[in-house]
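The primary structure of each chain is shown beneath.
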Amino acid sequence: MIDTIKIFSMINLKTFELIKEISDIKTSYNNKTGQTHYKIINSHLQGNFNSNLCIRIGEGKKYGFINYYFIEIEGSYHKLAKGYNSHNGFCHLQFVCNELIKMVEKNYNIQLPSLKHWFLQRVDIAICYDLKNQDRVKSYINNLNCCNYPRRNLKHFEGESIYITGYTTTLKIYNKQREFLKNDKARLLETDFNIGKYLNEIQGFIRFECEIKKRKLKQYFDTNYVRLESISYEFLKEIWLQDFQKFFKAIDNDLTIVKNKEDVRSRLNSLYKPIRAKNLFNFYLLLLMQGIQEIRQTTKKSMFYKNIADLKKANIDFSQKLDIDMTDSRIDFNPFEWKEID
């Protein structure tokens with residue numbers, strides 16, 4: 001599904017002035033010289049369920065528009081149209097963008113450029129799965145605390161979410177019910193949205209979201225101006241898949257990951273000599289008990305990375321920790337094989 005997007009286009013002076021009249025203006029200037037450094041003009045549209053759509057306008061030189069101005073639109077059409085963004089969403093980028101553009105046109109009584117003149121700067125692709133109840137969702141997220149993503153900052157919020165931030169994409173795995181209660185419930189209290197029914201419906205929902213940033217788009221298209229018309233949902237979904245596969249250490253042509261301890265032991269014995277297999281199995285058990293971050297600090301660097309590489313070569317899952325008493329609390333769930341919620 002497509003969630004938040006950010007798009008921009010060129011507008012003329014008349015359109016700029018019409019939007020400016022009812023917008024907030026932030027100005028940076030030097031008191032001594034009186035020189036204005038920049039002006040940022042922001043406005044917001046309210047959706048059916050009081051979910052903001054952000055509009056920003058300014059001088060076109062930001063994007064190289066000579067003698068013209070720019071407009072940026074940022075928001076989630078899914079949330080604007082339905083009040084939630086967990087499921088029953090939209091997978092056609094051009095449709096979503098066109099609907100947001102029409103909302104802006106109607107609100108300001110203006111005419112904006114046609115879709116072929118708009119460019120994409122950010123898009124979030126999200127997929128939800130149903131783990132049936134909150135306990136399973138919380139356990140799965142807490143178990144993932146031992147995951148690692150090289151050269152990225154990973155933040156874990158117990159029972160709630162994992163954020164893996166990067167320059168080109170940001171990955172988010174989170175408890176949809178907890179996120180809704182925290183961010184969206186309050187704004188829907190005065191509407192006819194059936195909050196109780198919705199909370200019951202999403203009690204087992206876990207969301208995998210990939211925020212695709214400007215740098216990622218530039219890598220593929222070798223330009224800062226990526227036209228909306230040139231992008232398909234299949235292309236965006238492939239970026240989602242590639243980035244989450246990297247995170248889970250998945251192998252493209254073999255998504256059957258070994259998880260059971262005895263199966264792990266058998267796999268290692270089949271691939272390595274007895275002593276090496278035994279050492280790897282012990283290392284694997286430590287990963288499950290203590291997590292990858294703690295083991296990295298207590299293991300010689302060269303040995304740590306050698307062991308990790310050999311476990312990955314054997315396609316062994318060490319992404320979820322065991323309970324403190326060594327009972328297997330791992331959730332039998334593979335986002336690359338499960339069916340997403342429609």
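See above for the structure.
A. Quick peek at the pattern of salt bridges. A complete count under the given rule lists 22 salt bridges for this structure. Glutamate 99 serves as the salt-bridge partner of lysine 102, at 3.0 Å between the closest nitrogen and oxygen. Here lysine 102 pairs with glutamate 99, and both are found in helix α3 (residues 93–108), just three residues apart, close to one helical turn. Ionic pairing is found between lysine 176 and glutamate 179, a salt bridge with its closest N-O pair at 2.6 Å.

B. View of unusual backbone geometry. Even without glycine at this site, asparagine 88 takes up a positive phi of about 55 degrees. Here the phi dihedral of lysine 132 falls at roughly 85 degrees; this positive angle occurs in a residue that is not glycine. Mapped onto the secondary structure, lysine 132 falls in the loop between β6 (119–130) and α4 (134–143).

C. Spotlight on the packing of helix α8 (residues 214–221) against helix α9 (residues 233–247). At a minimum axis distance of 13 Å, the contact between α8 and α9 shows a crossing angle of 110 degrees. It follows from the interaxial angle that α8 and α9 lie roughly perpendicular. Here α8 runs over α9; the crossing is right-handed. Contact residues: Lys216, Tyr220 and Phe221 in α8; Phe235, Ile239, Gln242 and Asp243 in α9. For the contact of α8 with α9, the class distribution of residues is four nonpolar, one polar and two charged.

D. Representation of the packing of aromatic side chains. Under the defined criterion, the tally for this structure stands at 29 aromatic pairs. When the centroid spacing of 6.0 Å and the interplanar angle of 65 degrees are considered together, the rings of phenylalanine 8 and tyrosine 225 count as edge-to-face. Remark: tyrosine 225 occurs in the loop between α8 and β11 (226–227) and phenylalanine 8 occurs in strand β1 (residues 2–11); sequence separation between them is 217 residues. In this structure phenylalanine 8 comes out as buried when scored by relative accessible area, which is 1%. The rings of Tyr129, Tyr140, Phe208, Trp240, Phe244, Phe333 and Trp338 are connected pair by pair, giving a single aromatic cluster.

Analysis parameters
- The residue count restarts for each chain, going from 1 along the sequence in the order it is written.
- Local features are withheld for residues below a pLDDT of 70 in this predicted model, meaning they are given only at 70 or higher, and side-chain atom pairs are given and counted only at 80 or more; totals for whole chains, interfaces and linings count all residues.
- Water and hydrogen atoms were dropped before computing side-chain values, which therefore reflect all heavy atoms in the structure.
- A pair is scored as a salt bridge if a Lys or Arg side-chain nitrogen falls within 4 Å of a carboxyl oxygen belonging to Asp or Glu.
- Runs of E in the DSSP output that reach at least two residues are strands. Runs of H or I that reach at least four are helices, and both are numbered from the N terminus.
- Throughout, an axis means a line fitted to C-alpha atoms (over the contacting stretch in the case of helices), and angles, computed between N-to-C directions, take values from 0 to 180 degrees.
- Each angle is binned into one of four classes, with values under 35 degrees roughly parallel, values over 145 roughly antiparallel, values of 65 to 115 roughly perpendicular, and all other values oblique.
- By definition, any crossing whose near helix is turned counterclockwise from its far helix by less than a right angle is left-handed, and any crossing with a clockwise turn is right-handed.
- By definition in these notes, contact holds between two residues if any of their heavy atoms fall within 4.5 Å.
- For this scheme, ten residues count as nonpolar: Ala, Val, Leu, Ile, Met, Phe, Trp, Tyr, Cys and Pro. Four count as charged, namely Asp, Glu, Lys and Arg, and the remainder, Gly too, count as polar.
- Pairing of aromatic rings covers Phe, Tyr and the six-membered ring of Trp, with a centre-to-centre limit of 6.5 Å; geometry is then stacked below 30 degrees between planes, edge-to-face above 60, and tilted otherwise.
- Any residue under 20% of the maximum accessible area for its type is buried, any over 50% is exposed, and the rest in between are partly exposed; the area is computed with a 1.4 Å probe on protein chains only.

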